[in-house]
Amino acid sequence: MRIYPELEAAMRADDARRYAALLHDDFAYVRHKSKDTLDRTRMEALLSNVWSNGNRTIEAMRCLYENDDILVIHTVLSFANGTREGAMIVNMKRDGKILRTETGVSDLS
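(A) Summary view of the pattern of salt bridges. As enumerated under the stated definition, the model contains 10 salt bridges in all. Across the pair Arg17 and Glu44 runs a salt bridge whose closest N-O atoms are separated by 3.8 Å. Placement of Arg17 in helix α2 (residues 16-20) and of Glu44 in helix α3 (residues 40-50) is noted, with a sequence separation of 27 residues between them. What makes Glu44 partly exposed here is its relative accessible area of 24%. For Asp36, the salt bridge goes to Arg31, with nearest N and O atoms at 3.6 Å. Of the residues examined, Arg31 reaches a relative accessible area of 29% and is grouped as partly exposed. The network of salt bridges with common partners includes Arg2, Glu66 and Lys93.

Listed below in structure tokens is the structure:
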């Protein structure tokens, strides 16, 4: 089951609640630098904060690969503070929802 179109729409609309609806009940986001994890509730709160008030703009976003087990996305983001990042987002899926997300980010500023 493809979920990328809905995920992309949620991200472009800055809709953290819509995005969180795509997350499995056992969801875990592993931060690439600190390796700490966020559950579904904490992830929605993080996204609400990061996406608020036009804090970031999606310059480019594309699905590199999706099947029933994995969704891989590449995106380029610019932020209100003038920085830019390229992000590789790897989402492991279960039961048609995102179970685990890990990211790798490169500074493009």
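(B) Quick peek at the sheet that holds strand β2 (residues 37-38). The strand order across the open sheet built from six strands is β2-β1-β6-β5-β4-β3, with neighbouring strands paired in mixed fashion. Every interior strand has two partners, whereas the edge strands, β2 and β3 (56-66), have only one. Sheet topology note: the strand β1 (residues 23-30)/β2 ladder contains two bridges and is antiparallel. Along β2, the bridge assignment pairs Tyr29 with Leu38. Lying over the sheet, helix α1 (residues 4-12) contacts β3, β4 (70-79) and β6 (97-107), oriented at roughly 170 degrees with respect to β3.

How each quantity is defined
- Residues numbered from 1 in each chain as written.
- Predicted model: local features only at pLDDT ≥ 70, side-chain atom pairs only at ≥ 80, totals over all residues.
- Heavy atoms only, no water.
- Salt bridge = Lys/Arg side-chain N within 4 Å of Asp/Glu carboxyl O.
- Helix = DSSP H or I, 4+ residues; strand = E, 2+ residues; numbered from the N terminus.
- Buried < 20%, exposed > 50% of the residue type's maximum accessible area, 1.4 Å probe, protein only.
- Pairing = 2+ DSSP bridges.
- Contact = heavy atoms within 4.5 Å.
- Axes fitted to C-alpha atoms, helices over the stretch in contact; angles between N-to-C directions.

Any link to function would need more than the numbers given here.
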